[in-house]
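# Architecture and fold: a report
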Amino acid sequence: MDRLYIFDTTLRDGEQVPGCQLNTVEKIHVARQLELLGVDVIEAGFPISSPGDFESVVQISKAVTWPTICALTRAVEKDIDCAAEALQYAKHKRIHTGIGTSDSHILYKFKSNRDEIIERAIAATRYAKRYVEDVEFYCEDAGRTDNEYLARVVEAVIKAGATVVNIPDTTGYCLPEEYGAKIKYLMDHVDGIDRAILSTHCHNDLGMATANSIAGVLNGARQVETTINGIGERAGNTSQEEVVMILKCHHDLGIETNINTEKIYATSRMVSSLMNMPVQANKAIVGKNAFAHSSGIHQDGVLKNASTYEIMNPKDVGIDSGSIILTARSGRAALRHRLEIYDIKMNEEQLDKVYQEFLLLADKKKEVNDDDILQLVGRDRRDQSHIKLEHLQVTSGRGTRPVAAITLDIAGEQFTGAAVGNGPVDAAINALKQIIRREMTLKEFTIQAINRGSNDVGKVHMQVEYNGVAYYGFGANTDIVTASVEAYIDCINKFKK
């Protein structure tokens, strides 16, 4: 297998998204997760840009063990000095310096000429080489740079000591065929290209970042610069999870990465949460609908054999399983599957009758949930539950710490608990835990938007982990605290006995 290096710039390029800045402690959490994920290079920041960025590079260098820690600079000596100082504690360090090479950058940004830019590129590479052995040089706006001139720049910086040369499609302008041809041209025309690795760094302005990166890899690039969830400047960067899973699915290409794919989803959720940047539902690999099926034809196929409509196993990216979403487009197979989860068996005639009622309900609702299904067949999930909520009282307000008192019916016997919390929901769940003494971890908590008035039903979806297994629960109530507790109880009722 041929090795592809994964360069992660979530903490540098990804953090340039307005409103998504992280503090140093948060950056360390992400960096450690990236190490667990298996990325080869972590671009920790741009040290000269701010004291905060400088400190983050210092602390990440101390916190992370085996990945290379990279710091960005311009082709300016004081930038390189600053980066070298910030990287002093890194076990494996890299300085990433460079300059714009397109005529647009040369003429309008630098008011210079091609020959002078090559001289500045050589000087910056040699200067960085004084501090570190591993120097990466970026040719900014390489996507719009003439290939012949770009080859001259790449050859010059390799001779000056660059170990990696980055070929960014900075504006996301290139077509995949065009970008792939650019990498191939450099592989064929740069003297000494075997002494360095070519790297892709593609932006997503036209939605082609991943396609361009893969085209680059297929033509000889052996490092791909990516971000988690594809976040980044403007429309974002190449999505790491997409590149990794493309190569895993197309194993016939003979190219592998060091990524532990089972940690992809957890890493995605961490970055999304810390940066307060939700992942779109239909995002490839990590979106909540990436493994969801609502079409009857698809559901029937997946229930018979998952490979009919799933080209990868959800477990391979850290998701327990695909999901069957019941909508007006769902078929009898999906309905039967959902009923069997609750050990409800029906013959064809009974199923057909319930299915017709299901379709009438599904036409009125966007999605039919488990409670709806149980009511259709004359069963109330609450009646089947081992644990039921009997009473909940929460006191909260400005200047007071929220306090909750709760009564549960457990197999016909009542138990009461009380607790305080950081908020009314936290207090209520803490009171619940006073009674249900198990090591449970709340992994996900989502409140569906209420938009039809203050008396509308609030819906809560929750994920709780118990004994290493994730359980999903649902609650609905006009009181959002009650809905949250009911969702938590729903999770507990699904624990394997």
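Placed above this text is the structure.
This report concerns the structure included in the present document.

### Considering the sheet that holds strand S13 (residues 387–397)
- Reading across from one edge, S13-S14-S15 is the order of the three strands in this open sheet, with antiparallel pairing throughout. Where the open sheet ends on each side, the last strands, each with one partner, are S13 and strand S15 (413–420). In this sheet, adjacent strand axes meet at a mean angle of 10° when their direction is disregarded.
- As defined by bridge partners, S13 adjoins strand S14 (residues 400–410) across nine bridges and the pair is classed as antiparallel. Across the sheet, Val 394 pairs through a bridge with Ala 404, a residue of S14.

### Details of helix H17 (residues 480–493)
- Helix length check: H17, at 14 residues, gives a terminal C-alpha distance of 20 Å against a target of 20 Å (1.5 Å per residue), a fit within 8%.
- Within H17, 12 of the 14 residues are buried, which leaves the element mostly enclosed by the surrounding structure.
- Buried within H17 we find Val 481, Thr 482, Ala 483, Ser 484, Val 485, Ala 487, Tyr 488, Ile 489, Asp 490, Cys 491, Ile 492 and Asn 493.

### As for the pattern of salt bridges
- Inspection of every chain in the model, using the stated rule, returns 22 salt bridges.
- With its nearest N and O atoms 3.2 Å apart, the salt bridge here joins Arg 114 to Asp 103. Within this pair, whereas Arg 114 is found in helix H5 (residues 114–129), its partner Asp 103 is found in helix H4 (residues 103–109), the two being separated by 11 residues in sequence.
- Accessibility expressed as a relative area gives 29% for Arg 114, which makes it partly exposed.
- Relative accessible area serves as the criterion here: at 37%, Asp 103 is assigned to the partly exposed category.

### With respect to a nonpolar patch on the surface
- Judged by side-chain polarity, Leu 442, Phe 445 and Ile 447 come together as a nonpolar surface patch covering roughly 240 Å² of accessible area.
- Within the secondary structure, Phe 445 sits in strand S16 (residues 440–447).
- We classify Phe 445 as partly exposed; its relative accessible area is 33%.

### What about the sheet that holds strand S8 (residues 197–202)?
- Strand order in the closed barrel formed by eight strands is S2-S3-S4-S5-S6-S7-S8-S9, with parallel pairing between adjacent strands. The sheet shows a mean angle of 25° between the axes of neighbouring strands, taken without regard to direction.

### Focus on the packing of aromatic side chains
- Using the criterion set out here, one finds three aromatic pairs in the structure.
- Taken together, a centroid distance of 6.0 Å and an interplanar angle of 75° make the contact between Tyr 127 and Tyr 131 edge-to-face.
- Measuring from ring centre to ring centre gives 5.9 Å for Tyr 355 and Phe 358, while their planes differ by 25°; the resulting arrangement is stacked. Of this pair, Tyr 355 and Phe 358 are both found in helix H13 (residues 348–364), three residues apart, which corresponds to roughly one turn of the helix. Assigned by exposure class, Tyr 355 and Phe 358 land together as buried.

### Some points on the pairing of strand S7 (residues 164–169)
- The buried count for S7 comes to six of six residues, which makes it a mostly enclosed element.
- Burial along S7 is two-sided: Val 164, Asn 166 and Pro 168 facing one way and Val 165, Ile 167 and Asp 169 facing the other are all buried.
- Pairing analysis gives three bridges linking strand S6 (residues 135–140) to S7, with the strands arranged parallel. Note that in S7 the partner of Phe 137 across the bridge is Val 165.

### Observations regarding the nonpolar core
- Ranked by internal contacts, the top residues of the largest apolar core, which has 89 residues, are Val 154, Val 165, Ile 167, Leu 198 and Ile 264.
- No other element matches the eight residues that helix H6 (residues 147–159) contributes to this core.
- Setting aside residues no more than four positions away along its own chain, Ile 167 makes contact with Ala 142, Leu 150, Val 154, Tyr 179, Lys 182, Ile 183, Leu 186, Leu 198, Ser 199, Thr 200 and His 201.
- Core analysis: the next-biggest nonpolar cluster, separate from the first, contains 30 residues, Ile 387, Ala 404, Ile 406 and Tyr 466 among them.

Cut-offs used in this document
- Residues numbered from 1 in each chain as written.
- Predicted model: local features only at pLDDT ≥ 70, side-chain atom pairs only at ≥ 80, totals over all residues.
- Heavy atoms only, no water.
- Pairing = 2+ DSSP bridges.
- Helix = DSSP H or I, 4+ residues; strand = E, 2+ residues; numbered from the N terminus.
- Axes fitted to C-alpha atoms, helices over the stretch in contact; angles between N-to-C directions.
- Expected span 1.5 Å × (residues − 1).
- Buried < 20%, exposed > 50% of the residue type's maximum accessible area, 1.4 Å probe, protein only.
- Salt bridge = Lys/Arg side-chain N within 4 Å of Asp/Glu carboxyl O.
- Patch = residues over 30% accessible without salt bridge, like charges linked within 9 Å, V, L, I, M, F, W, Y side chains within 5 Å.
- Areas by Shrake-Rupley, 256 points an atom, 1.4 Å probe, with all protein chains shown as cover.
- Phe/Tyr/Trp six-rings, centres within 6.5 Å; stacked < 30°, edge-to-face > 60°.
- Core = buried A, V, L, I, M, F, W, Y, C linked by side-chain atoms within 4.5 Å.
- Contact = heavy atoms within 4.5 Å.

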